[in-house]
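# Examination of the molecular architecture
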Amino acid sequence: MTHDPSVLALQALAWILSDEDRAQRFLALTGLTPESLRDGVTDRVVQGAVLDFLCAHEPDLVAAAEMIGIEPGELAAARERLDR
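My aim in this report is to walk through the structure given alongside it, one point at a time. Worth saying up front: this structure is predicted, and the values here are computed from it rather than measured.

## Quick word on the side chain of Asp60
Take Asp60: it is sitting in helix 5 (residues 58–68). Those residues within four positions of Asp60 in sequence are excluded, and the remaining contacts are Trp15, Arg22, Arg25, Phe53 and Leu54.

Right, dumping it as C-alpha cells:
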C-alpha cells in the first residue's frame, strides 16, 4: 500500500515535534522558525524538509517510521514522491 506523502510528512513532523531537543535540532538544521513551520506546514518544500531531516539520521528515520507504523523505506520513498 502506498501512503500519501503529505500525510506521512505531517505524521513525521508530529513525531519530530514530540521531543523538544529533536524539535530544536530540526529547526536549527532546516533554518525554519516555529512561525515559518506553522505557516508552511502544507507546503511540499517544508514537508520535504521534514522527510529530509529524518532521512539524514537513520535512528530518527527508524523511530519515526515505527511510530507511524510503516517501514523506514516508505518514508524515504515518500520524499521522492513529494517532488512529483
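## Notes on the environment of Phe26
Here Phe26 lies in helix 2 (residues 20–30). For Phe26, a relative accessible area of 0% corresponds to the buried category. Remark: the alpha-carbon pair of Phe26 and Leu54, spanning 28 residues in sequence, is separated by 9.1 Å. Not counting the four nearest positions on each side in its chain, Phe26 is found in contact with Leu13, Ile16, Leu32, Leu37, Ala49, Val50 and Phe53.

## A few points about the pattern of salt bridges
Scanning the model with the defined rule gives five salt bridges in all. Among the ionic pairs, Glu35 bridges to Arg38, the shortest N-O distance being 4.0 Å. Taken together, the residues Glu35 and Arg38, both in helix 3 (residues 34–40) and three residues apart, mark about one turn of the helix. For Glu35, a relative accessible area of 45% gives the class partly exposed. With relative accessibility at 56%, the residue Arg38 sits in the exposed group. The residue Arg79 makes a salt bridge to Asp52 at a minimum N-O spacing of 2.7 Å. Of this pair, Arg79 sits in helix 6 (residues 72–82) while Asp52 is found in helix 4 (residues 44–55), placing the two residues 27 residues apart along the sequence. Taking relative accessible area as the criterion, Arg79 reaches 16% and is therefore assigned buried. A residue is classified by how much of its surface remains accessible, and Asp52, at 38% relative accessible area, is partly exposed.

## Considering helix 5
Where helix 5 is concerned, the buried positions are Asp60, Leu61, Ala64, Ala65 and Ile68. Taken around the axis of helix 5, the buried residues stretch over an arc of 130°, which confines them to a single face. Residues of helix 5 that are exposed and point over 90 degrees away from its buried face: Glu58, Pro59 and Glu66. Where the residues of helix 5 are buried, they touch helix 1 (5–17), helix 2, helix 4 and helix 6. Trailing helix 5 by a residue or two, Gly69 shows a phi angle of about 95°, which is positive.

Conventions used here
- Numbering of residues starts from 1 in each chain and follows the order in which that chain's sequence is written.
- Only residues with pLDDT of at least 70 get local features here, since the model is predicted, and only at 80 or more are side-chain atom pairs given and counted; chain-wide, interface and lining totals rely on the full set of residues.
- Values shown for side chains rest on all heavy atoms present in the structure; no hydrogens or waters enter the calculation.
- Helix and strand assignments follow DSSP, with helices taken as H or I runs no shorter than four residues and strands as E runs no shorter than two, numbered in order from the N terminus.
- We call two residues in contact whenever any of their non-hydrogen atoms come within 4.5 Å of each other.
- Buried residues are those whose accessible area, probed at 1.4 Å on protein chains only, stays under 20% of the maximum for their type, while exposed residues exceed 50% and partly exposed ones sit between those limits.
- Salt bridges, as used here, are contacts in which a Lys or Arg side-chain nitrogen is within 4 Å of a carboxyl oxygen on Asp or Glu.
- The arc in question is traced by the directions running from the helix axis to the C-beta atoms.

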